[in-house]
Amino acid sequence: MTSSSPSPLPAAAPAEAVGVDVGATKIAAVRVTADGTVSVRARCATPRRSANALVGAISDLVAQVRSRRVTAVGVGLPGMVDARTGALAFAPGLDFARAPLRTLIADAVGLPVVTDNDANAAAWAEYRLGAGRGHDHLVLVTLGTGLGCGVVVAGHLLRGSHGFAAEASHLTVDPRGPLCECGNHGCWGVSASGAAIARLGRQAAADHPTSLLARLIGQAPAGAGEAVTEAARSGDEQALAIMDRVGTLTGIGLAAMANLFDPSVVIVGGGPISAGELLLAPARASFARRLYSPGDRPPVPVLTARFANDAGAIGAALLAIDRLPDEGRL
């Protein structure tokens, strides 16, 4: 559905933007002011079959949350987004690729549009207003269905020559680990993510059918990851071992990123972080063991993200507010 452009506002009116976070199963849209305040939300299931279906769903959500003060739309997309054209080059969770999504969305909503990788958008939210505020060098990792990563260097998102930088999900952290969709074994994203916790939980439940973990997963099989967290909080041995394993592998990847980019802070977000120290304590310990020459550098804290599941949508909106006035349709 195509929306008409809002009437012009007086120059003194504060800018707002709509931020859209496209996930594998749902799309979330928020209306955001420049200080990160969210006033309206909307969401829908992700249509995966075609670019046109996806653009239609995004356009409908934008129409639901936009106001006369909205000057732009930012969209965080899963996968590889061309930094020059804003086109989607590849997304593992969608049934299509190589779609000119920035152009298609702009035509549909009648506003300037910025598109970027969803983890880049989340990193921008944390850099601008979240746990990374005041840090011009940071690494953000989000744990979810997979693993996303965004890197800020000297106050700028690291995009690489094409926009495909920081695909840290495919760092190898366990050469004997599970098979990744990319064809390699032991990638960070398949070894340390929300999906990894759920997979390991189901395996442990099958191996230990009388355990608390097995009972909790049996009661809510679709929420295996949450069941692992609940069982670990209750002291279930198998669940605690899963948290320790995933936390340790998370720390290995975080240390690799810190050794590469020398950030002043590392931030971890995503649903599994609700487990708190059950996951973060082994991650921090593993990180400390593998960080190069820690005694010869300032401490590098591992922090939890401020914006949790809103980071991608808020960051996309902030990218639109921050970038469009100076750079036009990026």
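Quick summary incoming for the structure in this document. (Residues numbered from 1 in each chain as written. Predicted model: local features only at pLDDT ≥ 70, side-chain atom pairs only at ≥ 80, totals over all residues. Heavy atoms only, no water.)

Observations concerning the pattern of salt bridges
Move 1: Here the structure, examined in full by the defined rule, presents seven salt bridges.
Move 2: Where Arg31 meets Glu16, a salt bridge forms, and the shortest distance between an N and an O atom there is 3.2 Å. One end of the pair, Arg31, is in strand E2 (residues 26–33); the other, Glu16, is in strand E1 (residues 16–22), with 15 residues separating them in the sequence.
Move 3: Taking the relative accessible area as the measure of exposure, Glu16 reaches 10% and is therefore buried.
Move 4: Put simply, Arg159 and Asp116 hold a salt bridge, and the shortest N to O gap is 2.6 Å. On the criterion of sequence distance, the pair formed by Arg159 in the loop between strand E10 (156–157) and helix H4 (188–191) and Asp116 in strand E7 (residues 113–117) is long-range, its members being 43 residues apart. (Salt bridge = Lys/Arg side-chain N within 4 Å of Asp/Glu carboxyl O. Helix = DSSP H or I, 4+ residues; strand = E, 2+ residues; numbered from the N terminus. Buried < 20%, exposed > 50% of the residue type's maximum accessible area, 1.4 Å probe, protein only.)

Regarding helix H7 (residues 224–233)
Move 1: Among the 10 residues of H7, seven are classified as buried, and the element is accordingly described as predominantly covered.
Move 2: On its buried face, H7 sits against helix H5 (194–207), helix H6 (212–219), helix H8 (237–261) and helix H9 (277–290).
Move 3: Positive phi shows up at Gly235, right after H7, with a value of about 90°. (Contact = heavy atoms within 4.5 Å.)

Thoughts on the nonpolar core
For soluble globular proteins, the rule of thumb is that nonpolar side chains tend to be buried together.
Move 1: Formed by 44 residues in total, the largest nonpolar core has its most connected members in Val141, Cys149, Trp188, Ile242, Leu254 and Phe287.
Move 2: Listing elements by their share of this core, those giving two or more residues are strand E8 (138–143), strand E9 (147–153), H5, H6, H7, H8, strand E11 (265–269) and H9.
Move 3: Sorting elements by how many residues they give to this core places H8 first, with nine residues.
Move 4: Setting aside chain neighbours within four positions, we find Leu254 in contact with Val141, Trp188, Val266, Val268, Phe287 and Val302.
Move 5: Listed in part, the 31 residues of the second largest apolar core include Leu61, Val62, Leu88 and Ala91. (Core = buried A, V, L, I, M, F, W, Y, C linked by side-chain atoms within 4.5 Å.)

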